[in-house]
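Residues per chain are reported as follows:
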Amino acid sequence: MLDISTTLHPSAAILHLQGRIDSASSRQLEQIAATQIDNGHLKLILDFEQVDYISSAGLRSVLLITHKLIDLSGSLTVCNLNPSVLTVFEITGFSKIISHYSSLEDT
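Residues numbered from 1 in each chain as written. Predicted model: local features only at pLDDT ≥ 70, side-chain atom pairs only at ≥ 80, totals over all residues. Heavy atoms only, no water.

**Concerning the pairing of strand β1 (residues 2-8)**
Here β1 runs beside strand β2 (residues 13-21); their pairing, made up of 7 bridges, is antiparallel. Considered in β2, the bridge of I4 is made with L17. Where β1 folds back on β2, the antiparallel hairpin that results is connected by 4 residues. (Pairing = 2+ DSSP bridges. Helix = DSSP H or I, 4+ residues; strand = E, 2+ residues; numbered from the N terminus.)

Next up, the structure:
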């Protein structure tokens, strides 16, 4: 299960994620991100502070969001990756293509 709340700032939309990003919840993440993009927010920040797991389906969603934003000259940033999620990002190479920060304040 994934809960998503959104904080809007002039420079970015921040999606605060809580739970697991897997095949059951990845479509929800894509839809909420698409809504923010459609509303003109071309800089998205995904706050992983309360995410304890991401599957390959979740990674696919993050990649789809990234490509959509790049196509629109936007950007995606992630922050607050716990050690296990950070390891997944590093092993898959996502840490090389997606900006990631240790805290929301650093973004």
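More follows now that the structure is in view.
**Structural notes on the packing of aromatic side chains**
Inspection of every chain in the model, using the stated rule, returns 2 aromatic pairs. Pairing F48 with F89 gives two aromatic rings, centres 5.8 Å apart and planes at 85°, and the pair type is edge-to-face. In this pair, F48 sits in strand β3 (residues 43-54) while F89 sits in helix α3 (residues 83-92), placing the two residues 41 residues apart along the sequence. For the pair formed by F48 and F89, the shared burial category is buried. Measuring from centroid to centroid gives 5.7 Å for F89 and F94, while their planes differ by 80°, and the two rings are edge-to-face. Take F89 and F94: they sit in the same class, and that class is buried. Among the aromatic residues, those joined into a cluster by ring pairs are F48, F89 and F94. (Phe/Tyr/Trp six-rings, centres within 6.5 Å; stacked < 30°, edge-to-face > 60°. Buried < 20%, exposed > 50% of the residue type's maximum accessible area, 1.4 Å probe, protein only.)

**What about the environment of T77?**
Along the chain, T77 turns up in strand β4 (residues 75-79). Sequence separation between T77 and Q18 is 59 residues; the distance between their C-alpha atoms is 17 Å. T77 has contacts with K43, L44, I45, L46, S99, Y101 and T107, leaving out every residue within four places of it along the chain. (Contact = heavy atoms within 4.5 Å.)

**Topic: the sheet that holds β2**
Spatial ordering of the open sheet is given by β1-β2-β3-β4-β5, a layout of 5 strands whose pairing is mixed. One side of each edge strand has no neighbouring strand; the edge strands of this open sheet are β1 and β5 (99-101). Between one strand and the next, the sheet's axes are offset by a mean angle of 25°, whatever the strand orientation. Taken together, the 8 bridges between β2 and β3 define a ladder with parallel strand orientation. Each residue of the ladder has a partner; that of A13, found in β3, is L44. Sitting on the sheet, helix α1 (residues 26-38) is in contact with β1, β2 and β3, with an inclination near 15° to β1. The sheet strands contacting α3 are β3, β4 and β5, and the helix crosses β3 at an angle near 115°. (Axes fitted to C-alpha atoms, helices over the stretch in contact; angles between N-to-C directions.)

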